[in-house]
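Here is what each chain is made of, one letter per residue.
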Amino acid sequence: MAATLRIQSDWSRALRRDEGEAWLSCRSPGKPTLYGSLTRRGLSTEGVPDIAASEGFVVGEVTKKSILISCPHENAATKFLAPYTTFSRIHQKSVTCLDISSGGGLGVSTSTDGTMKIWQAADGEIRRLLGGHVCDVNCCRFFPSGLVVLSGGMDAQLKIWSAEDASCVVTFKGHKGGILDTAIVDRGRNVLSCSRDGTARLWDCGSSSCLGVIADCGSPVNGIAVGAADSSLNLGSPEKAPSEREVGTEGKILLLAREDKKLQGVGLQSRQLVFFSIGSDAFNCCTFLSSTYILAGTQDGNIYQLDVRNTNAPIQVIHRSGAPVLSLLPYRDGFVASQGDGTCFILQQDLDYTLDLTGADCDAVYKVASWEKQIYTCCRDGIVRRYQLSDL
């Protein structure tokens with residue numbers, strides 16, 4: 001694995017002052033870590049800080065919110081991005097999950113303070129409080145319409161809410177353990193959930209009923225993702241004809257990130273196993289990059305990229321640190337990943353540097369959401385951060 005560059009989490013604030021300093025490091029597997037620092041020497045005529053790096057590091061382009069640093073000796077480069085805005089008043093404690101509506105206007109988030117809230121994405125102003133789960137809410141997401149929210153809680157309940165008046169319109173019961181993740185099929189007539197009870201279930205919103213158990217794993221399912229399958233894949237055929245309430249399940253795969261170190265692919269309509277892949281540790285999250293490529297992240301910091309047509313060996317394994325991979329999100333020609341040590345980074349095929357979203361100081365970044373050129377993160381420190389990627 002390539003060298004990893006790190007920077008002081010509040011570097012942009014530190015370098016705002018004259019003579020301000022911030023630390024840097026470059027870690028390469030099997031070699032001693034190179035430590036260095038950045039020092040502000042003044043301001044350019046455009047009002048951009050003039051920054052110098054210590055030996056072994058080179059400063060590239062600098063803007064008010066970003067700085068490109070390279071370590072030529074290790075052939076590594078990273079562009080560090082400071083948050084454009086931070087929202088610290090939405091919740092009182094750790095923010096465990098968030099999502100942004102399809103129009104970009106609203107955010108929804110859950111917290112260990114026991115609340116789930118809808119807020120304005122522009123300024124973090126709270127619009128609605130969604131109350132009704134018993135105990136903590138683990139996951140939340142908007143339906144494609146942006147007007148409805150799906151949530152899953154430790155109370156083993158899955159709920160659908162109106163974002164307009166905060167009413168709970170449907171409650172699904174059937175899981176025997178806390179719900180850990182959800183997914184929405186197409187426009188949302190059917191939804192999916194996975195749970196500590198080891199099952200993934202398909203639900204019909206209109207009749208508020210369970211259409212079936214898609215997989216029973218005998219081990220907690222930490223994350224799921226649904227996507228269109230490559231046409232060359234044999235997804236199997238269902239043992240009995242699907243209910244007419246089942247909409248949009250044909251030709252799709254459900255990915256399951258399991259606690260027992262297994263990543264599983266199941267035909268959503270057939271309920272048949274399509275593939276299995278064994279990882280180095282518990283799988284926490286998974287996502288589709290395309291109909292052929294998938295990503296899955298483990299508790300010991302590995303990100304596996306796999307081809308669904310041949311999952312025997314990964315295309316690549318990305319490892320930046322041993323901290324748990326908590327969230328994976330496809331973004332443009334690559335993806336965003338967040339980890340339990342506060343790192344959050346973006347890899348893009350056409351960029352010769354990594355993009356690091358800074359600000360969290362060793363506090364887990366639990367979830368990442370995007371809307372156009374903005375990325376939102378939620379963190380154990382109770383802060384929602386918004387980054388502006390207009391200059392990618």
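Higher on the page you've got the structure.
Please read these numbers as outputs of a predicted model, since none were measured by experiment. (Residues numbered from 1 in each chain as written. Predicted model: local features only at pLDDT ≥ 70, side-chain atom pairs only at ≥ 80, totals over all residues. Heavy atoms only, no water.)

(A) Just the pattern of salt bridges, in detail. Summed over all chains, the structure comprises 15 salt bridges. Here Asp10 makes a salt bridge to Arg13, at a shortest N to O gap of 3.2 Å. By relative accessible area, which is 28% here, Asp10 ends up partly exposed. The exposure class assigned to Arg13 is exposed, which follows from its relative accessible area of 51%. Between Arg141 and Asp181 there is a salt bridge, with the nearest N and O atoms lying 3.8 Å from each other. Placement of Arg141 in strand E13 (residues 137-142) and of Asp181 in strand E17 (residues 179-185) is noted, with a sequence separation of 40 residues between them. Given the relative accessible area of 23%, Arg141 is considered partly exposed. (Salt bridge = Lys/Arg side-chain N within 4 Å of Asp/Glu carboxyl O. Buried < 20%, exposed > 50% of the residue type's maximum accessible area, 1.4 Å probe, protein only. Helix = DSSP H or I, 4+ residues; strand = E, 2+ residues; numbered from the N terminus.)

(B) Focus on the sheet that holds strand E7 (residues 76-81). As summarised here, the arrangement of the 7 strands in space is E5-E6-E7-E32-E31-E30-E29, forming an open sheet in which the pairing is mixed. Each edge of the open sheet carries a strand with a single partner, namely strand E5 (58-62) and strand E29 (325-331). Across the sheet, the mean angle separating the axes of adjacent strands is 25 degrees when strand polarity is ignored. Bridge count for strand E31 (residues 344-348) against strand E32 (residues 354-357) is 2 bridges, and the pairing is antiparallel. Within the sheet, the bridge partner assigned to Ile346 lies in E32 and is Leu355. (Pairing = 2+ DSSP bridges. Axes fitted to C-alpha atoms, helices over the stretch in contact; angles between N-to-C directions.)

(C) Quick peek at the packing of aromatic side chains. By the definition in use, this model includes 4 aromatic pairs. Geometrically, the ring pair formed by Trp119 and Tyr376 is tilted, given 6.3 Å between the ring centres and 50 degrees between the ring planes. On the criterion of sequence distance, the pair formed by Trp119 in strand E11 (residues 116-120) and Tyr376 in strand E34 (residues 374-379) is long-range, its members being 257 residues apart. We note that Trp119, like Tyr376, is buried. Residues Phe172 and Trp203 carry aromatic rings whose centres are separated by 5.0 Å and whose planes lie at 35 degrees to one another, so their mutual orientation is tilted. With Phe172 in strand E16 (residues 168-172) and Trp203 in strand E19 (residues 199-204), this pair connects stretches of sequence that are 31 residues apart. Take Phe172 and Trp203: they sit in the same class, and that class is buried. Following the ring pairs from residue to residue traces out a cluster consisting of Phe87, Trp119 and Tyr376. The ring of Phe345 is capped by Arg320, whose NZ or CZ atom sits 4.2 Å from the centre of that ring. (Phe/Tyr/Trp six-rings, centres within 6.5 Å; stacked < 30°, edge-to-face > 60°. Lys NZ or Arg CZ within 6 Å of the ring centre and 35° of its normal.)

(D) Main features of the nonpolar core. Core analysis: the largest hydrophobic core is formed by 25 residues, its most contacted members being Val108, Leu130, Phe172 and Val191. With 4 residues, the single largest contributor to this core is E13. Dropping the residues within four chain positions of it, Phe172 is found in contact with Ala156, Gln157, Leu158, Ile160, Val191, Trp203, Asp204, Cys205, Ser208 and Ser209. In this structure, Ala3, Ile7, Ile67 and Ala76 belong to the second largest nonpolar core, which totals 20 residues. (Core = buried A, V, L, I, M, F, W, Y, C linked by side-chain atoms within 4.5 Å. Contact = heavy atoms within 4.5 Å.)

(E) The side chain of Asn284, seen in detail. Looking at where Asn284 falls in the secondary structure, it is placed in strand E25 (residues 283-288). On the accessibility criterion, Asn284 (14% relative accessible area) is buried. In terms of polar contacts, Asn284 uses its side chain to reach the backbone carbonyl oxygen of Val325, at 3.2 Å. (Polar contact = N/O pair within 3.5 Å; in protein donor to acceptor, adjacent residues only side chain to side chain.)

Geometric descriptors of this kind do not, in isolation, establish any biological role.
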